[in-house]
Structure formats: structure tokens, C-alpha cells
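# Fold and contact review
Here is what each chain is made of, one letter per residue.
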Amino acid sequence: MQANTPARPAIQPRRTLGAQWDNFQRKNAPYIFISPFFLLFAVFGLFPILFSAYLSFQEWQPGSGLGDMKFVGWRNYTDNLTDPTFWQSLKNTVILAVESGLPQHLIAIPLAFAIHMALKRVQSLVTAVYFLPYITSIVAISVVFFTLLSWQYGAINAALVAMHKLPLIGGLFPAENVNWLGEKKYLQPAIAMVIVWRYTGWNVLLYLAGLQAIPKDVYEAASVDGASRWQQFRFITLPLLRPTMFLAVTLSLIGGFQLFEEPFILTNGSGGAEQSGLTTIMYMYRTYYQYSDAGVSAAMSWLLFIVIGVLTIINNRVFGRSGLAGRE
Amino acid sequence: MTTPRMLALTALLTATFAGAQAKTTLTVGVFPDLDSVVKAALPGFNKLHPEIEVKISSLAYADHHNALTTALSTGKGAQDVVAIDFGYIAKFAEGNGLVDLSKAPYNAGQFRNQIVAYTYPQATVNGKMVGMPTDIGPGSMFYRTDLLKKAGVKATDLNKSWESYISSGKKVVAANPGTFLLPDASTAASIIIRTGLKNGEGLYFDKAGKVLVSPDNARFVRAFTVAKQIRDAKLDAKAGAAFSPEWTTAFQKGNLATEFSGAWLVGHMQNWLAKDYTGKWNAQNLPGNTFASWGGSFYGIPEQSKNKAAAWELIKYLTTNKSQQVLAFKTTGAFPALKTAGTDKIFEEGVPYLANQKARILWRAATSKIQPIDVNRLDPIAEQIVNDELTNVLNGNKSVQAALTDAQRLIERRAR
């Protein structure tokens with residue numbers, strides 16, 4: 001028992017409890033306060049990333065428990081790179097990302113400009129309306145779009161065929177029902193349309209925020225100099241909106257390459273006609289859950305990460321550093 | 001409080017506590033409609049085993065199997081008894097997450113003769129049996145009597161052979177504008193793929209794991225060819241897989257003349273799918289004197305379960321107790337896997353939805369003709385690849401030979 005022996009030689013004057021507490025607070029409290037983030041990040045962010053990296057070098061069927069992993073080197077990566085379905089899924093993803101990404105911005109930028117310039121009073125209302133699809137449940141969306149796009153029983157086909165019967169312009173419309181979700185050439189545009197519908201409002205919101213950051217006096221000076229609305233848009237708005245455009249395009253790019261819900265639901269998880277709706281994330285999901293091939297699935301996610309990384313770098317180059325800093 | 005009273009109370013409390021302690025709580029993971037079967041079974045089971053308390057946790061079909069996959073992979077979170085659908089059984093059989101029921105103390109082999117023959121091989125991979133069969137889905141051709149009558153076509157004309165199915169089908173569609181002979185041409189292919197297998201053959205792989213899909217395999221060539229003939233004759237509604245929105249709508253609108261499915265489809269038809277067409281549907285065997293099974297469910301015990309003995313008691317009750325199997329049939333209409341349950345007089349009764357046709361006798365007879373099919377872990381991959389290639393043939397201009405050559409190459413690449 002050492003309870004009665006003096007704890008320390010009293011070289012320094014002993015600090016009071018309060019002072020010790022103060023010192024502890026100053027030194028350690030910030031770490032404690034910030035620790036929940038790091039803990040959560042470690043558990044839900046870092047660990048899965050590291051685990052999937054580890055998994056991508058193993059052969060593992062998830063159903064057999066953690067003990068049953070087998071190291072296979074780079075085989076999962078070479079398997080993916082020689083898998084035609086992987087390349088097809090990547091091609092589908094690129095096509096869908098472009099088909100759905102471009103229109104989003106081409107619609108959102110002028111729309112945001114129009115709302116910003118003309119609809120000042122009802123701006124928040126209009127924005128809310130455009131934003132609504134973004135927060136709508138994907139299940140509700142799928143029910144609505146199935147009803148619209150259905151081959152035999154869809155509203156869109158019913159409307160198109162009815163239009164075909166009109167005099168003069170009737171020839172512009174198809175005489176027979178179009179199999180939107182059942183044929184390769186229509187499936188990808190149909191999926192892209194749903195994505196555009198869903199995310200345009202989100203981009204409008206981003207661009208509106210960007211527009212509001214542009215000082216009003218620049219426009220006033222331009223009006224004094226006699227610049228038209230179009231000239232103001234072309235020479236003031238677009239250049240000053242570049243940082244926002246960079247952000248919005250980057251987000252679309254990442255979102256586009258992680259596309260899953262819309263094609264998954266619109267094709268009932270099947271990938272649709274000739275697998276033209278199968279995105280890489282869908283294929284990854286299928287490889288894990290249907291094929292029980294966790295290693296190949298993990299390797300696929302890293303390959304996709306590399307693709308997204310490269311494209312983000314290219315995007316960065318296109319919009320340039322000046323894009324980030326807002327300088328020409 | 002007086003001392004004797006106090007003592008009595010203490011004794012009572014102790015007894016209650018001890019009683020509560022002795023009770024085993026068993027968790028069961030199921031998907032709909034099987035959850036209602038387990039629920040209905042509990043009163044009967046608790047009479048036999050009052051010491052076992054059963055808790056049911058039910059998730060949607062795919063969610064249940066995904067959650068089970070996760071629980072087995074991490075070794076935590078699986079229930080004591082888990083339901084497994086036919087489509088997933090091979091996948092789980094390959095891993096080590098579920099106990100081998102063929103071994104002691106379970107010795108599931110003792111019930112083998114009591115259960116419909118083809119189910120045991122479905123649940124067994126490499127000699128390891130991971131699920132006890134509870135219900136089965138004998139395949140049947142459902143047809144609309146009114147539509148056939150209008151075309152002057154008899155049900156026997158349709159199911160004589162696939163060729164006569166197509167030629168008579170053309171008449172049915174011609175006589176009933178706006179209708180389709182069947183929801184999707186690919187269904188015909190999947191039936192043909194599932195029938196006429198040689199002994200010891202799986203659907204896509206033989207016993208040695210060799211890929212059977214090839215442009216020289218008569219079964220696949222015929223399956224693809226017949227499906228293409230149906231599509232080219234514009235007989236199908238291109239509805240894709242069963243339960244797709246297009247499929248559902250076609251049923252609800254009464255636009256389908258026939259559909260191939262398990263006997264369980266009647267339950268769906270009468271409850272929501274084709275409520276308005278009561279008495280207009282009938283059942284018949286599949287075309288070409290073929291017999292196939294549509295799914296079926298199994299119960300397994302995860303290795304991580306701490307109540308394996310009680311779990312096995314419940315599984316035995318659910319699968320080998322005649323009155324329980326009959327009750328299950330009454331509850332959801334799923335066909336019992338237990339043979340003696342099929343002798344119950346309820347099977348002699350007519351099915352009200354099918355205009356009181358005694359269809360259950362037909363299905364019972366069909367179960368004895370369904371051949372066991374060997375399952376393989378890679379079946380889901382092979383099925384996906386074959387389906388993709390079939391779509392290429394049906395929708396595009398790809399030839400049957402080219403599609404099967406590609407399918408073979410793609411499956412062989414994965415089967416290492």
C-alpha cells in the first residue's frame with residue numbers, strides 16, 4: 001500500500017484543482033468536442049473505404065462469414081477490366097451522365113437568370129416549385145413515371161397517338177405506341193429525362209445563389225453603358241458565374257457516375273432492354289448481392305473511383321484555376 | 001404483511017421469475033407472405049412447446065435476403081430461424097453461414113421420403129443441406145376461358161406442344177383484339193430451359209461444373225427459338241419479368257390470355273391482380289407435357305444462432321406437421337412440400353377463383369413429375385447472362401447461335 005506515501009516531491013507549488021481543470025480544458029476539450037465527428041467518420045467513412053480496399057484483393061462470398069476470405073492479388077481488378085459487361089455499364093453510365101448532365105445545366109442557367117432578373121417577388125415560390133422534384137421520394141417518382149411511360153397503358157403514348165390523328169401536324173407524331181422502357185434506343189433518353197426533371201431544380205438553386213453573389217452595380221454600370229440583357233448575360237453573368245458552374249458541374253459529374261436509383265427503379269433492377277440501363281453502380285450492386293462476389297464488387301468501386309477522379313481533374317482543367325478563383 | 005404471506009409472495013415471485021427464465025425466445029426472419037404462415041402456426045406450436053416464445057421479424061422479399069447476407073457475412077444479427085427463397089438457396093448453401101441440416105443432431109434425411117422429391121436437391125450443395133423445404137410452386141398454365149372460347153380454341157390445343165401453343169395462340173389474339181397471349185416471350189424460354197434436363201444436370205452447369213449453355217445444346221437452342229417465334233408473331237405484351245408494372249397492368253386490365261406460373265399465382269390473382277376476372281381463369285398443365293417448378297421456400301438455421309435446438313423444433317413443426325402444412329396452404333395458398341398434406345380433402349375441393357375447377361389435383365399430380373435440378377453457386381450469374389442474351393435475340397437482330405455462343409463464353413469466363 002502506498003496510499004500514505006507522499007505522491008510527489010513538492011518542487012513546484014501544487015496547482016489548485018480549478019487551475020488543473022482550466023489547463024485540461026484548454027489543452028484537451030477541443031479534441032473532445034470535435035471527436036464525435038472523427039469517431040463517426042472513422043466508423044462510417046474511413047473504415048468502409050479501407051475495408052473495401054482490402055476486400056478488392058480478396059475472394060469472398062459475403063454469406064460465408066468474415067473468416068472465409070482468400071487473397072487473390074490483382075485478379076479482381078483484371079477480372080473487371082476484361083469483363084465486357086463492366087465496360088458496357090461504364091459506357092451506359094457515361095452516356096447517361098452526358099444525356100442527363102448537359103440539359104440540366106443548359107436549362108438551369110438561363111432559368112436561374114430569368115428568375116433572378118424577372119421574378120424577384122415570387123422568386124422563393126418558383127424556386128421551391130423547381131426544387132420539389134429533388135426532395136420527392138424516388139418510389140413516388142417511379143410510380144408516376146411508370147404510369148407516364150408505360151408502353152401499352154402510358155399517358156405519354158396515349159397523348160402521342162392521339163396527336164397523330166390531328167390534321168396537318170399529325171405526321172410528326174408516332175402512329176403506334178413507343179416502348180419507352182422496353183427498347184434500347186428509348187430507354188436511355190427516358191432515364192435521362194427523369195434525372196433532368198429531378199435535378200434541374202437543384203442546379204437552379206445553386207445558380208441562383210451564384211447570381212445573387214454578383215454585385216448589382218456591375219449590371220447598373222452595364223445598363224448605363226447601354227448593354228442589352230443578352231450582353232449583360234453573356235459578358236457579366238456567365239464569366240462571374242464560373243465558380244458556381246464549376247461546383248455544379250463537379251457535383252453533376254460525381255452524381256452522374258454514381259447513378260443508381262433512377263435506372264434501377266425504371267428497369268426493375270434488370271438493366272432494361274439489352275442492358276442499356278445498367279450503370280456501373282447497379283452492376284456493382286448486382287455483383288455483390290446477386291452474384292455474391294464481394295471482392296470483384298469492391299474492385300469495381302475502386303475502378304469507378306479512379307474514373308471519377310480522372311474526370312474531376314479534367315473538369316478542373318476545363319474550368320481552370322480561374323474557374324475556382326473567379327478570375328478570367 | 002404477515003410472515004406466511006410474505007413467504008408465499010416470495011415463493012410466487014421466485015416461481016414466476018424461474019418460469020420466465022426457462023422460456024427460450026426464438027427469433028424468426030421471414031418475408032411476406034410466409035410471415036403470415038409462421039404467425040398462423042404459433043398457437044399450435046406453443047401448445048406443443050410452451051417453453052419457446054417466438055418472435056417474428058418480417059422484411060420485404062429482397063430486403064430480407066440482403067439483410068440475411070449481411071448478417072451472415074458479419075457473423076452477427078441473423079435470427080434463429082431464417083426463411084430462404086429458392087432463388088437464394090444455392091448462394092447460401094455455398095457459404096458456411098448456415099448449419100448443415102443433414103448432419104446430427106438434425107438428421108434432416110429422416111424426412112426425405114415425406115417431402116416432395118425434387119426439393120431436397122435444391123437445398124443441397126456439395127452434400128450440405130442448408131434449408132428444409134416448406135412450400136413449392138408446381139408450374140401451371142393459367143388461361144382465360146372466355147377469350148379462348150371466342151376464338152374457338154380449347155385449352156388442350158394450347159398445351160399440346162409449344163408449336164400448337166403458338167399457332168392456337170395466334171387465333172386467340174386475332175379473335176380478341178387488344179389482348180396478348182402471354183406477358184413476355186422470355187417466360188416460354190425459361191420453362192423450356194427448366195425442362196427435359198438429363199439426370200444430374202443443373203440448369204446451366206453439369207455436376208462437374210462444366211457450362212452447359214452452348215449453341216449446340218438442344219435445350220437452349222429450342223428455348224431461344226420458341227421465344228423468338230412468339231415475339232415475332234407479336235403474341236406477347238413485352239411486360240418483362242413478373243410483377244413489373246406493365247405485367248401488373250396487363251393482368252388488371254384483363255388483357256392476357258395465358259400466363260405460366262406457380263400454383264401460388266391464384267392467390268395474387270384473386271386478391272389484387274385480377275380481382276375482376278373471377279371465374280374466367282382456369283388452370284392447365286404447361287405446354288408440351290412439361291413440368292417445372294416456380295420457386296419454393298425453405299427454412300434454415302444460421303451457425304451464429306444460440307438456440308439451434310429450439311430452432312430445429314420450430315422448423316420441424318412448420319415443415320413436417322401435416323395439419324400445420326394444410327393450415328399454411330389455407331393461409332397463403334402456397335403448395336405444401338409435405339406429401340401427406342397433399343392428401344388432405346381440401347385438395348379435392350374446387351378453387352372458387354378458377355370457376356371451381358379442381359386444379360389442386362392437377363398441381364399435386366404435377367409435383368410428382370417435376371425433376372430435381374442441381375443447383376450451382378454461379379446459377380444467378382449464368383441466369384443473368386442467358387437472360388441478357390435472350391433479350392438481345394428478342395429485341396435485336398442477334399441470331400440464336402451468336403447469342404448462345406456469347407453466353408457460353410461469358411459464363412465460362414466467370415466459372416473459374
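Residues numbered from 1 in each chain as written. Chains lettered and ligands numbered in written order. Predicted model: local features only at pLDDT ≥ 70, side-chain atom pairs only at ≥ 80, totals over all residues. Heavy atoms only, no water.

An unreviewed UniProt entry lists chain B under the name Extracellular solute-binding protein family 1, with Deinococcus maricopensis as the source organism.

Where we set the bar: UniProt positions are given in the numbering used here, feature names are shortened, and annotations may be inferred rather than shown by experiment.
An unreviewed UniProt entry lists chain A under the name ABC-type transporter, integral membrane subunit, from Deinococcus maricopensis. One UniProt comment on chain A, placed under Subcellular location (unreviewed entry), says "Cell membrane". Check the Sequence similarities (unreviewed entry) section of the UniProt entry for chain A; it says "Belongs to the binding-protein-dependent transport system permease family."

### Some thoughts on a nonpolar patch on the surface
Here is the rule: In this analysis, a patch consists of residues with relative accessible area above 30% that form no salt bridge, clustered at 9 Å for like charges and at 5 Å for the nonpolar side chains Val, Leu, Ile, Met, Phe, Trp and Tyr. For every accessible area listed, the method is Shrake-Rupley and the probe measures 1.4 Å; residues are considered covered only by the protein chains on display. Only one rule defines a salt bridge in this text: a Lys or Arg side-chain nitrogen within 4 Å of an Asp or Glu carboxyl oxygen. Counting from the N terminus, the helices are the DSSP runs of H or I reaching at least four residues and the strands are the DSSP runs of E reaching at least two.
Taken together, the side chains of Ile34, Phe37, Phe38, Phe41, Leu46 and Leu50 of chain A define a hydrophobic patch exposed on the protein surface, amounting to about 590 Å² of accessible area. Tracing the backbone shows Ile34 of chain A in helix H1 (residues 17–55).

### Here's the deal with the UniProt feature "domain: ABC transmembrane type-1" (unreviewed entry) in chain A
The residues that UniProt annotates with the feature "domain: ABC transmembrane type-1" (unreviewed entry) are residues 90–315 of chain A. For residues 90–315 of chain A, the helix share is 74%, the strand share is 0%, and the end-to-end C-alpha distance is 18 Å.

### Here's the deal with the nonpolar core
In plain terms, the rule: What is meant by a nonpolar core is a set of buried Ala, Val, Leu, Ile, Met, Phe, Trp, Tyr and Cys residues, joined one to another through side-chain atoms within 4.5 Å. Each residue's exposure class comes from its accessible area (1.4 Å probe, protein chains only) as a fraction of the maximum for that residue type: buried when under 20%, exposed when over 50%, partly exposed otherwise. Each domain's extent was defined by an automatic or database domain assignment. Any two residues whose heavy atoms approach within 4.5 Å are treated as being in contact.
If you look at the biggest cluster of nonpolar residues, it comprises 87 residues, and the most contacted ones within it are Met132, Met269, Trp281 and Leu354 of chain B. Among the elements that line this core, the one with the most residues is helix H13 (residues 308–320) of chain B, at 7 residues. A domain split of this core shows at least three residues from each of domain 1 (22–136 + 295–350) and domain 2 (138–293 + 353–415) of chain B. When sequence neighbours within four positions are dropped, the list of residues in contact with Met132 of chain B reads Leu101, Ala108, Phe111, Ile115, Tyr120, Ser297, Phe298, Tyr299, Trp312, Ile315, Thr319 and Thr320 of chain B. Within the second largest apolar cluster, 72 residues are counted, among which are Met282 and Met284 of chain A together with Ala151 and Phe260 of chain B.

### Quick notes on unusual backbone geometry
Going from Pro32 of chain B to Asp33 of chain B, the amide bond is cis rather than trans, its omega being -5°. Among the secondary structure elements, Asp33 of chain B is positioned in the loop between strand E1 (24–30) and helix H2 (34–48). Here the bond from Ala104 of chain B into Pro105 of chain B is cis, since omega is 0°, no more than 30 degrees from zero. Looking at the secondary structure, you find Pro105 of chain B in the loop between helix H4 (86–94) and helix H5 (119–122). Phi angles above zero are rare outside glycine, and Glu274 of chain A is one such case at about 50°. With respect to the secondary-structure elements, Glu274 of chain A resides in the loop between helix H11 (261–266) and helix H12 (280–289).

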